[in-house]
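# Descriptive analysis of the structure
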Amino acid sequence: MDGKALFRFLLFVSGDSLITKKAIFNCKKNLDIILKSKYHLEIINAFENPQLLIEENIIALPILIRKNPLPEVSIIGDMSNLELFKSDLLLT
Amino acid sequence: MELEMASQQNKKSKYLSSTIEKTKTGICGFDEITFGGLPKNRPTLIVGGIGTGKTFMSMHFLLNGVNQFQENGVFMTFEEKTTELVSNFSNFNVDIDELVKNKKLYFEHLHIAQYEMHESGKYNIDGLFVRIEHAMNTINAKRIVLDSLDTLFTNLDINMLRNEFKKLFFWLKEKNITAVITAEQGDIYLTRLGLEENVADCVIELTNRVVNQISTRRLRIMKYRGSFHANNEYPFIIDNEGMNVFPIATNLIEYDISNQRVSSGIKNLDSMFDNKGFFVGSSVLISGSAGTGKTSLASFFAKSNCEDNKKCLFCAFEESSKQIVRNMKSIGIDLEKYGSSNKLIFYYARPTLQNLELHFMRIKALIEIEKPDVIILDPITNLMTEGPNSDVRSMLTRFIDFLKTQQISVMFTAAITLKSVAINPSDEGISSMVDTWLMVEDIVTENKRNRIIYILKSRGMPHSKDVKAFVISNEGIDIYELDKIENPSKLENKRNGAVLNRNIK
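What comes next concerns the included structure. (Residues numbered from 1 in each chain as written. Chains lettered and ligands numbered in written order. Predicted model: local features only at pLDDT ≥ 70, side-chain atom pairs only at ≥ 80, totals over all residues. Heavy atoms only, no water.)

## Regarding the overall build of chain A
Where we set the bar: For the purposes of this entry, the term helix denotes a DSSP run of H or I that reaches at least four residues, the term strand denotes a run of E that reaches at least two, and both are numbered from the N terminus. Residue burial is assigned from relative accessible area. The probe radius is 1.4 Å, only protein chains are included, and a residue is buried under 20% of its type maximum, exposed over 50%, and partly exposed in between. Residues are treated as being in contact if the distance between any of their heavy atoms lies within 4.5 Å. Note that accessible areas follow from Shrake-Rupley with a 1.4 Å probe, and for residues the cover is restricted to the protein chains shown.
For chain A, the helix and strand inventory stands at three helices and four strands. Its helices and strands taken in sequence order, chain A reads β-α-β-α-β-β-α from the N to the C terminus. Buried positions account for 50% of the 92 residues belonging to chain A. By sequence separation, contacts in chain A at least 24 residues apart represent 62% of the contacts at least 6 residues apart. For chain A, the exposed surface amounts to about 4600 Å²; the carbon and sulfur share of it is 56%.

Rendered as structure tokens:
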């Protein structure tokens, strides 16, 4: 994998729930461990951006989408498992 | 005591029917069997196998909402792409694109591609809720369709989804929207999810069964909370006019009964019916073996009505209309004349062309356009090759009911004889539905075949018990006393034989 390419992620969450907090926390933690600070993460509240949900065709929340580099991959859930997180997002 | 209970039930029914508000679907026949449509602002589940018409029915519900009831509708599809969906309905006499442009309809395609998505830990389907709400708000929708839930189900975790769907149904109720959710029939449970029937207020089952190589669509209301509904399975058809459910007339007793009479078109035949002929709006069956003159009798009935300036619909299932016109010329009836003045309308279709429902629906549609006073079905026995006889009978019952509510007199011919009834008792079922039953028979004397005619029954009027001679010549039909035929004694013997047969049966 090209290490120089900027990693860009979108994290969709639903409001201010417990599951949202968990997802944000785990996501940041995992990304920090794997990519250090070489990534860009945007957190989007699904409730306020329905149009984006349509564009990205999202139903399940929370969801993390790796926008860059391609291919686009995604993971749903609170992302508590680091190993799954790594393999599912092709970050190994 | 019983009376008391009945009155209590009455009260209860009044109470219930007043509390449940209903949303009309505008689907022909469906609003009648549900006494007003789907439960308003509540979710309804449509269950059925592949190709049973779930998507069609729900789309019909939305389109009618826009066109007839000024209620905007959202269609969330999990299966087909919206473009595909719209093109599927392009021959539906509605410009869906235009409705979408005018913000009357809203389509959205939701799909989950599982292969590019992985699960890690807990999640929910709040995204669906957000998108549904967004769609509803965009066009201020009063109706929504989710088609179909199972597609979502195949991709996500079962247990999680069950909970989420429960949430969804309750959420929809709060949103004051009449929702239709479709789901595929399951093996163990009613639906593959096995849960939604607990949360839906109304469950409709659609089936498409093939019997004797002819498939029939059927609809049944399995559950309707807080409302009375008809329990039976009802056949329905889907064509480019939309969806049509064919209910048994629910208010059978309430239609008006006429005391007026209509002539059979043959003077001497009328004389057998108290000199007046049949009742207007009644059903007349003419039965007899092949070549006994059933179609000729029916044609005379048609002719006399046309001459009385009434409209007649002639449904031919055996001969083409041109053939009937030609043949009837030979006995002095010019049906073409009435055809050109639009007094006589022909409906001709091969029985095997389509299923029975479709025939009746087509005829029913024709009746609604042309509003005939009289209808002739010639012969009804040809329809019986379609599907099992019980089907024919229930269809025919419903059809006759429908005609009675419209005060249309119906005459049908059938190749039923006393002998055939003895062999196939179900044939008699058909005759039990008719008000008047005329029998024509062929009797062979020494060197000649003679026709006889008699009345087997005629409800509500004095009628002749005589067996009369019945002659067809190129001047028409004549009916007279038997003794005018040569060799009366032998004929009498034969007749006694026939009557005896009937008594034995």
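So much for the structure itself; the text now carries on.
## Topic: the state of the cysteines
All names here are of chain B. Definition in use: Count a disulfide wherever a pair of cysteine sulfur atoms falls within 2.5 Å.
Enumeration over the complete set of coordinates arrives at zero disulfides over all chains. Among the cysteines around Cys312, which has no disulfide bond, Cys306 carries the closest sulfur, lying 5.2 Å off. There is no disulfide at Cys315, and the cysteine sulfur nearest it, in Cys312, is 8.7 Å away. Assessed through its relative accessible area of 0%, Cys315 is described here as buried.

## Focus: the side chain of Ser299 of chain B
Tracing the chain through its elements places Ser299 of chain B in helix H11 (residues 294-307). Ser299 of chain B sits in the buried class, given a relative accessible area of 0%.

## Observations concerning the sheet that holds strand E16 (residues 312-316) of chain B
All names here are of chain B. The line we're drawing: Two strands are counted as paired when DSSP detects at least two bridges linking them. Here, axes are lines fitted to C-alpha atoms. For helices the fit covers the stretch in contact, and angles between N-to-C directions go from 0 to 180 degrees.
Strand order in this open sheet of nine strands is E17-E16-E18-E19-E15-E20-E21-E22-E23, and the pairing throughout is mixed. The open sheet has two free edges, formed respectively by strand E17 (344-348) and strand E23 (476-481), since each of these has just one partner strand. Taking the axes of each pair of neighbouring strands and ignoring which way they run, one obtains an average angle of 20° across the sheet. Where strand E15 (residues 283-287) lies against strand E20 (residues 436-445), four bridges are found, and the strand directions are parallel. If you follow Leu285 over to E20, its bridge partner there is Trp437.

## Here we look at the interface of chain B and chain A
Selection rule: Two parts placed together each lose some accessible area under a 1.4 Å probe, and adding up what both lose gives the buried area. We count a salt bridge whenever a side-chain nitrogen from Lys or Arg sits within 4 Å of a carboxyl oxygen from Asp or Glu.
The interface is formed by 25 residues belonging to chain B together with 26 residues belonging to chain A. Summing the contributions of chain B and of chain A, the shared interface buries around 2000 Å²; its carbon and sulfur component is 60%. A per-residue breakdown of the area chain B buries against chain A is headed by His118, Ser120 and Arg131 of chain B, which together make up 30% of the total. Taken together, chain B and chain A are joined by zero salt bridges.

## Some words on the pattern of salt bridges
Overall, the coordinates contain 20 salt bridges over all chains when judged by the stated rule. Residue Arg220 of chain B is joined to Glu205 of chain B by a salt bridge in which the shortest nitrogen-to-oxygen separation is 3.3 Å. Here the residue Arg220 of chain B occupies a position in strand E10 (residues 214-224), and Glu205 of chain B occupies one in strand E9 (residues 202-211), the gap between them amounting to 15 residues. Within this structure, Glu56, Lys67 and Glu72 of chain A form a network of salt bridges that share partners.

## Here we look at the packing of helix H6 (residues 126-139) of chain B against helix H8 (residues 158-174) of chain B
Residues and elements named next belong to chain B. For the record, the criterion: To sort the angles, those under 35 degrees are grouped as roughly parallel, those over 145 as roughly antiparallel, those from 65 to 115 as roughly perpendicular, and the leftovers as oblique. Each helix crossing is assigned a hand: it is left-handed if the near helix lies turned anticlockwise from the far helix by less than a right angle, otherwise right-handed if that turn is clockwise. In this classification, Asp, Glu, Lys and Arg are treated as charged, Ala, Val, Leu, Ile, Met, Phe, Trp, Tyr, Cys and Pro as nonpolar, and every other residue, Gly included, as polar.
Contact geometry for H6 and H8: axes closest at 11 Å, N-to-C directions at 25°. In terms of orientation, H6 and H8 fall into the roughly parallel class. Between H6 and H8 the crossing geometry is right-handed. Seen from H6, the contacting residues are Asp126, Leu128, Phe129, Ile132 and Glu133; seen from H8, they are Glu164, Lys167, Leu168 and Trp171. For the contact of H6 with H8, the residue count by class is five nonpolar, no polar and four charged.

## Concerning the pairing of strand E18 (residues 374-378) of chain B
Residue and element names in this part refer to chain B. With five of five residues buried, E18 is to be regarded as a mostly interior element. Alternating residues of E18 divide into Val374, Ile376 and Asp378 and Ile375 and Leu377, and every residue in both groups is buried. Sheet analysis places E16 next to E18, joined by five bridges and oriented parallel. The residue of E18 that forms the bridge with Phe314 is Ile376.

## Overview of the pairing of strand E7 (residues 143-147) of chain B
All names here are of chain B. The element E7 is largely enclosed, with a buried count of five among its five residues. Residues Arg143, Val145 and Asp147 point to one face of E7 and Ile144 and Leu146 to the other, with burial holding for every one of them. Across five bridges, strand E4 (residues 73-77) lies against E7 in parallel orientation. Bridge pairing in E7 places Val74 opposite Ile144. For E7 and strand E8 (residues 178-184), the ladder comprises four bridges, and the chain directions are parallel. Its bridge partner being in E8, Val145 is matched across the sheet by Val180.

## Describing H11 of chain B
All names here are of chain B. Applicable threshold: What a helix is expected to span follows from its residue count: subtract one and scale by 1.5 Å.
Between its terminal C-alpha atoms H11 stretches 20 Å, which fits the 20 Å expected from 14 residues at 1.5 Å a residue. Of all 14 residues in H11, twelve are buried; the element is thus mostly enclosed. All buried positions along H11 are accounted for by Lys294, Thr295, Ser296, Leu297, Ala298, Ser299, Phe300, Phe301, Ala302, Ser304, Asn305 and Cys306. Just downstream of H11, Asn309 is the residue with a positive phi angle, here 65°.

## Considerations on the packing of aromatic side chains
Each aromatic ring pair is summarised here by two numbers: the centre-to-centre distance and the angle between the ring planes. Residues and elements named next belong to chain B. Put simply, the test is: To pair, rings of Phe, Tyr and Trp, with the six-membered ring standing in for Trp, must have centres within 6.5 Å; the planes then decide the type, stacked if under 30 degrees apart, edge-to-face if over 60, and tilted in the middle.
Tallied over the full model, the rule gives eight aromatic pairs over all chains. Ring centres of Phe75 and Phe107 lie 5.9 Å apart, and the angle between their planes is 35°; on these two criteria the pair is classed as tilted. Residue Phe75 is found in strand E4, and its partner Phe107 is found in strand E5 (residues 105-109); the two are separated by 32 residues along the sequence. Taken together, a centroid distance of 5.1 Å and an interplanar angle of 70° make the contact between Phe129 and Trp171 edge-to-face. Placement of the pair is Phe129 in helix H6 and Trp171 in helix H8, with a sequence separation of 42 residues.

## Notes on the environment of Thr34 of chain B
Residue and element names in this part refer to chain B. If you trace the backbone, Thr34 turns up in the loop between helix H2 (30-33) and strand E2 (38-39). A relative accessible area of 0% places Thr34 in the buried class. It is 6.6 Å that separates the C-alpha atoms of Thr34 and Ala230, two residues lying 196 residues apart in sequence. What Thr34 contacts, discounting residues up to four positions off in sequence, is Lys22, Ile221, Tyr224, Ser227 and Phe228.

## Re unusual backbone geometry
Omega for the bond connecting Leu61 of chain A with Pro62 of chain A falls within 30 degrees of zero, at -10°, which places this linkage in the cis form. Within the secondary structure, Pro62 of chain A sits in the loop between helix H2 (50-56) and strand E3 (63-68). Within the chain, Asn176 of chain B stands out as a residue other than glycine whose phi angle is a positive 55°. Its place among the elements puts Asn176 of chain B in the loop between H8 and E8. In this model, Lys371 of chain B sits at a positive phi of 50°, which is unusual for a non-glycine residue. Positionally, Lys371 of chain B belongs in the loop between helix H14 (356-370) and E18.

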